[in-house]
Structures are given as structure tokens and as C-alpha cells.
Amino acid sequence: MSTINLPLNLTVRVHPVVLFQIVDAYERRNADSERVIGTLLGSVDKGVVEVTNCFCLPHKEHTDQVEAELGYASDLYELNQRVNASENIVGWWATGQEVTNHSSVIHEYYARECTNPVHLTLDTSLTGARMGIKAYVCVSLGVPGGKSGCMFTPINVEVTSYEPEIVGLQLCMKTIGVQSNPSRPRTVSPMLDLAQVTDASDKLLALLSDVLAYVEDVLSEKQQPENTVGRALLDLIHSVPNMTGDQFAQMFNSNVKDLLMVVTLSQLIKTQLQLNEKLTSLTSFLN
């Protein structure tokens, strides 16, 4: 027996917005639907499949066949290309914790849309009190000159985030434990800019305290040094600009003045637009 097209060295990186969209599609599913499927969008580069977007594919699964609205999927993909041309089809997703008998049929469609499509499963049943994520590729198996088949083989999958996504996730984490603690708020509002700076400064101060404690323990021989930590600290020190306190204060004040100028101009523009809207309403009323 031989294997054909063996893309087992792929790594799938999924962004949080994709997981939110899958859960939202599962919550909005029809009452008679056991699972939901859809298309994964993203990019492939050097063995890494980065999934940045997705959409749901309406379908019905019967005992012996699968019905899917492929025209709807094509139209939605074309519309998404107009908004973000860099997002291409990289595979498909399904809710559940296992590969079903119909998965190979669905995978054949996506194999025509892209090369080596990945299959992502998201366990929305929360088996083991967690939402498990798995990724697969379909490996072709067969005997030369004979019949061939395929087998879904697991590959590495991890969750990655852009910096703005991290801010959103940290905001969502404030609602964790609402069911066990009703006093916690169900909704949260974005923090003000100054409050975010204060929160980030407190976290940075705590991290610096941990680093200082580690260095003091190493110097006092209470802890064995680690090469990786030492190199990271050396890179951190080298990344700090070599300037005096007065130079830093001058740079900081200059940036603050630029920021205040932008805020002032935006407020002036906002006030002008509101005044223009009121004058237009008054003119039309008098006429």
C-alpha cells in the first residue's frame, strides 16, 4: 500500500474570530440540524495554514447523501474576495468532535476549490468541559494500479491572535463566571484610553517585578540560570533606546502634544458637522 499527497507537516493557526463565528452559526442552526459546516478562509505560507475568516454553508445530511447549497458558497466567497482579496479558501469546518461518514463527500468538494484543504472540527458539545479543536488533512491511500481511498489524519492546530483580537478577548474574559456569580456583569464596555494605559502599566510593572525577582534569585544562587531567559533579557535590554531622562521626557511630551492636536481637530470637525446638520434642518424647516 502507498500514500499519495502526504501534507502531514502542516500547522493550522486559527484566529478567535473564526471560533466565534462557528459558535454563532451553531447557535443559529435549524432545530433539525445536528451539526453545522462551512468554509475556512485564510492563507497558506511555508507549511502554515492561517485561518482568519469563515462562513457557514447551509446543508442537509441524509443517511445516504449530503445536500449543500454550493451556489450560495460560491456567491459568498466572491463577495468576500471584493472586501479582502488576500483571503482564499483553505478548507472547511464542522461542529462536533469526530469525522463522520459524510465528511469525505464534503471534503471532495473543497479539494476541487483548493490544494490540500484542511478540515477543522470544533466540539460545541463541550465534552470534558472544554471546547476541543482538531484539524485534519485527507491522505490518499491505495495500491498502485488498484482502488484508492482516503483517510483523515490529525495535524497540529493552535489558536493565534492579532493584538486587537487580544484586547477583545481580554474584554470578553471579564464576563467569565456569570452563571456561578450573578453579581458579575453580563455585558462590558470598552475601557477609556487612559484606563487602558493605566491597566497596561500595572501589568508591565508586575512583569518587571517578576523579572527583577528572577535576576536577584540567580545572583544570590537561589535559582539556576536558564540560557533562554538570559538571552531574552539581553535582547530586551538592547531594545531599550539609549537616551537620558530629559531626552525621553522631551520625546514623550512631543508625542503627547501631537496626540492632543489630533484629538482637538477631531472634536472641531465633529462640532462643525453637528452645527452643519442643525443649520440644514433649520433651513429646510423655514423653506
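Being a predicted model, the structure only gives us computed values, none of them experimental.

Asks: Please explain the overall build of the chain as it appears in this structure.
Replies: Along the backbone of the chain there are seven helices and ten strands. Taking 287 residues into account, the globule formula puts the C-alpha radius of gyration at 19 Å, and the chain, at 27 Å, lies well above it. Principal-axis analysis of the C-alpha atoms places the extent of the chain at approximately 85 × 80 × 40 Å. Within the chain, buried positions represent 24% of all 287 residues. Restricting to contacts in the chain with at least 6 residues of sequence separation, those with at least 24 account for 57%.

Asks: Would you explain a nonpolar patch on the surface in this entry?
Replies: On the surface, Leu275, Leu279, Leu282, Phe285 and Leu286 cluster together to form a nonpolar patch covering roughly 580 Å² of accessible area. Take Leu275: it is sitting in helix H7 (residues 245-286).

Asks: Explanation requested: the confidence of the model for the chain in the structure shown.
Replies: Any residue range with low pLDDT should be treated as having predicted coordinates unsuitable for detailed reading. Residues at a pLDDT of 70 or more form 93% of the chain, whose mean pLDDT is 85. Across the chain, the secondary-structure element scoring lowest on mean pLDDT is strand E1 (residues 2-4), at 42, and the one scoring highest is strand E7 (residues 88-95), at 95. Here residues 1-5 is modelled with pLDDT under 50, and outside its nearest four sequence neighbours on either side it reaches twelve contacts, counting other chains as well.

Asks: How should I be thinking about the state of the cysteines in this particular structure?
Replies: Here, the word disulfide means a covalent bond between the sulfur atoms of two cysteines. Evaluation of the coordinates by the stated rule reveals zero disulfides. With no disulfide of its own, Cys114 lies closest to Cys138 among cysteine sulfurs, the gap being 12 Å. On the basis of relative accessible area, Cys114 is assigned to the buried category, the value being 12%. Since its relative accessible area comes to 17%, Cys138 is described here as buried.

Asks: Mind showing me how you'd approach the environment of Val14 here?
Replies: Within the secondary structure, Val14 sits in strand E2 (residues 11-14). As for Val14 and Cys54, which are separated by 40 residues in sequence, their C-alpha atoms are 10 Å apart. Not counting chain neighbours up to four residues away, the residues in contact with Val14 comprise Leu19, Val51, Leu120, Val157, Glu158, Val159 and Thr160.

Asks: How should I be thinking about the pairing of strand E8 (residues 118-122) in this particular structure?
Replies: Two faces belong to every sheet, and in a regular strand the side chains alternate between them. When you tally the buried positions in E8, you get five out of five residues, the bulk of the element. With five bridges connecting them, E7 and E8 associate as parallel partners. Bridged to Trp93 within E8 is Leu120. The β-α-β motif built from E7, the intervening helix H3 (residues 103-113) and the parallel element E8 has right-handed crossover chirality.

Asks: Any chance you could explain the packing of aromatic side chains here in plain terms?
Replies: Each aromatic ring pair is characterised by the separation of its centres together with the angle its planes make. Under the criterion given, the structure shown has three aromatic pairs. The interplanar angle of 75 degrees and the centroid separation of 4.9 Å between the aromatic rings of Tyr109 and Tyr110 together place this pair among those described as edge-to-face. Exposure class is identical for Tyr109 and Tyr110. Each is buried. Among the aromatic side chains, those forming a connected cluster through ring pairs are Trp92, Tyr109 and Tyr110.

Thresholds applied
- Residues numbered from 1 in each chain as written.
- Predicted model: local features only at pLDDT ≥ 70, side-chain atom pairs only at ≥ 80, totals over all residues.
- Heavy atoms only, no water.
- Helix = DSSP H or I, 4+ residues; strand = E, 2+ residues; numbered from the N terminus.
- Rg over C-alpha atoms; globule rule 2.2 N^0.38 Å.
- Buried < 20%, exposed > 50% of the residue type's maximum accessible area, 1.4 Å probe, protein only.
- Contact = heavy atoms within 4.5 Å.
- Patch = residues over 30% accessible without salt bridge, like charges linked within 9 Å, V, L, I, M, F, W, Y side chains within 5 Å.
- Areas by Shrake-Rupley, 256 points an atom, 1.4 Å probe, with all protein chains shown as cover.
- Salt bridge = Lys/Arg side-chain N within 4 Å of Asp/Glu carboxyl O.
- pLDDT = per-residue confidence, 0-100.
- Disulfide = S-S within 2.5 Å.
- Pairing = 2+ DSSP bridges.
- Right-handed = clockwise from strand over helix to strand, strands pointing away.
- Phe/Tyr/Trp six-rings, centres within 6.5 Å; stacked < 30°, edge-to-face > 60°.

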